[in-house]
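# Coordinate inspection notes
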Amino acid sequence: MSIKIESKITAYEVAKPEDEAKKESNVTAIAPLLERDDILVGQTYKIKTPHSEHAMYITINDVIVNHGEASEHRRPFEIFINTKNMEHFMWIVTLTRIISAIFRKGGDITFLVEELKAVFDPRGGYYKKGGKYMPSIVAEIGEVIQKHLVSIGMMEGQLQTEELIAKRAEAEEKLGKEGVANGAQCDKCSAMAVVRLDNCNCCLECGDSKCG
Ligand SMILES: [Zn+2]
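These numbers come from a predicted model, not from an experiment. (Residues numbered from 1 in each chain as written. Predicted model: local features only at pLDDT ≥ 70, side-chain atom pairs only at ≥ 80, totals over all residues.)

### What about the confidence of the model for the protein chain?
- Here the protein chain averages 85 in pLDDT, while 90% of its residues score no lower than 70.
- Confidence scores differ between elements of the protein chain, with helix 1 (residues 17-25) showing the lowest mean pLDDT of 59 and strand 1 (residues 41-47) the highest of 95. (pLDDT = per-residue confidence, 0-100. Helix = DSSP H or I, 4+ residues; strand = E, 2+ residues; numbered from the N terminus.)

And the structure:
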């Protein structure tokens with residue numbers, strides 16, 4: 001590396017090797033980022049919201065970590081979102097860059113799902129095909145990431161305890177599909193799945209229950 005000297009030299013000092021060593025020891029080691037292979041496997045998910053006439057295509061590519069070892073597993077490396085809708089272009093680029101950067105840092109990334117799913121659109125949410133309420137497009141992107149993490153075994157899907165399965169059946173019988181779809185938001189898991197059953201507010205997603 002060369003440095004251009006712009007001002008007049010008035011004094012000088014010869015750098016000693018130990019000064020260099022001191023400088024180097026100030027460097028804090030950070031965990032290495034995940035490395036990208038030339039070819040990645042991935043999945044593309046389509047989401048279509050009533051807020052926009054164009055669909056969104058979300059691609060999540062994975063890397064294989066610890067290839068050939070017993071601990072070999074897939075984990076997401078990057079996310080791309082394609083849409084013809086230019087209205088959202090700037091924040092989508094921002095979001096995909098930040099999410100990809102978090103993917104590459106490694107470690108636990110499931111918190112991303114909770115954060116995104118808790119985002120509300122002040123203009124109001126919408127119902128997906130099948131009746132599930134989405135509080136915003138961002139929340140649906142969170143849901144897509146969750147679906148992907150479940151598919152590669154990094155996250156548990158919908159809890160399937162006997163108690164919850166029974167509660168879901170009971171809720172559908174008493175409140176109907178419409179009533180179940182109109183659940184309130186859960187304080188614990190952020191799902192729009194809290195319904196009133198037997199004088200209790202019960203979340204059909206995580207089982208959290210408050211009675212009285
Ligand atoms: Zn819940």
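### A closer look at the domain arrangement of the protein chain
- Domain annotation for the protein chain reports domain 1 (41-151) and domain 2 (162-211).
- Taken over C-alpha atoms, the centre of domain 1 sits 25 Å from the centre of domain 2.
- Counting from both sides, the interface comprises eight residues of domain 1 and, opposite them, four residues of domain 2.
- Grouping the constituent residues of the side of domain 1 that touches domain 2 by class yields four nonpolar, one polar and three charged. (Domains from an automatic or database assignment. Contact = placed C-beta atoms within 7 Å. Nonpolar A, V, L, I, M, F, W, Y, C, P; charged D, E, K, R; others polar.)

### Considerations on the nonpolar core
- By size, the foremost hydrophobic cluster in this structure holds 21 residues, and its most contacted members are I58, L116, I141 and I145.
- Of the residues forming this core, the biggest block, seven residues, is contributed by helix 4 (residues 137-151).
- Filtering out sequence-adjacent residues up to four positions away, I145 remains in contact with I60, L112, V113 and L116.
- With nine residues, the next largest nonpolar core counts M192, A193, C202 and L204 among its residues. (Core = buried A, V, L, I, M, F, W, Y, C linked by C-beta atoms within 7 Å. Buried ≥ 20, exposed ≤ 12 C-beta atoms within 10 Å, placed from the backbone.)

### Observations regarding the environment of M154
- Tracing the backbone shows M154 in the loop between helix 4 and helix 5 (162-181).
- The partly exposed category is assigned to M154, around which 17 C-beta atoms lie within 10 Å.
- Remark: the alpha-carbon pair of M154 and I109, spanning 45 residues in sequence, is separated by 9.0 Å.
- When residues no more than four places from it in sequence are discounted, the contact partners of M154 are R75 and L149.

### Examining unusual backbone geometry
- Look at N66: it is not a glycine, yet its phi comes out positive at around 55°.
- Take N66: it is sitting in the loop between strand 2 (56-65) and strand 3 (73-83).
- Not every positive phi belongs to a glycine, and N199 is a case in point at roughly 65°.

### What about the pairing of strand 7 (residues 192-197)?
- In this structure, strand 6 (residues 184-185) lies alongside strand 7, joined through two bridges in antiparallel fashion. Looking across to strand 7, one finds that A184 is bridged to V194.
- Linking two consecutive strands that pair antiparallel, namely strand 7 and strand 8 (residues 200-203), is a turn of two residues; a positive phi of about 50° is found at D198 within it. (Pairing = 2+ DSSP bridges.)

### A few points about the sheet that holds strand 9 (residues 209-211)
- Taking strand neighbours across the sheet as the criterion, the four strands line up as 6-7-8-9 in an open arrangement whose pairing is antiparallel. The open sheet is flanked by strand 6 and strand 9, the only strands paired with a single partner.
- In the sheet, strand 7 pairs with strand 8 via four bridges, with the strands oriented antiparallel. Within the sheet, the bridge partner assigned to R196 lies in strand 8 and is N201.
- The strands touched by helix 5 are strand 7 and strand 8; relative to strand 7, the strand with the most contacts, the crossing angle is about 110°. (Axes fitted to C-alpha atoms, helices over the stretch in contact; angles between N-to-C directions.)

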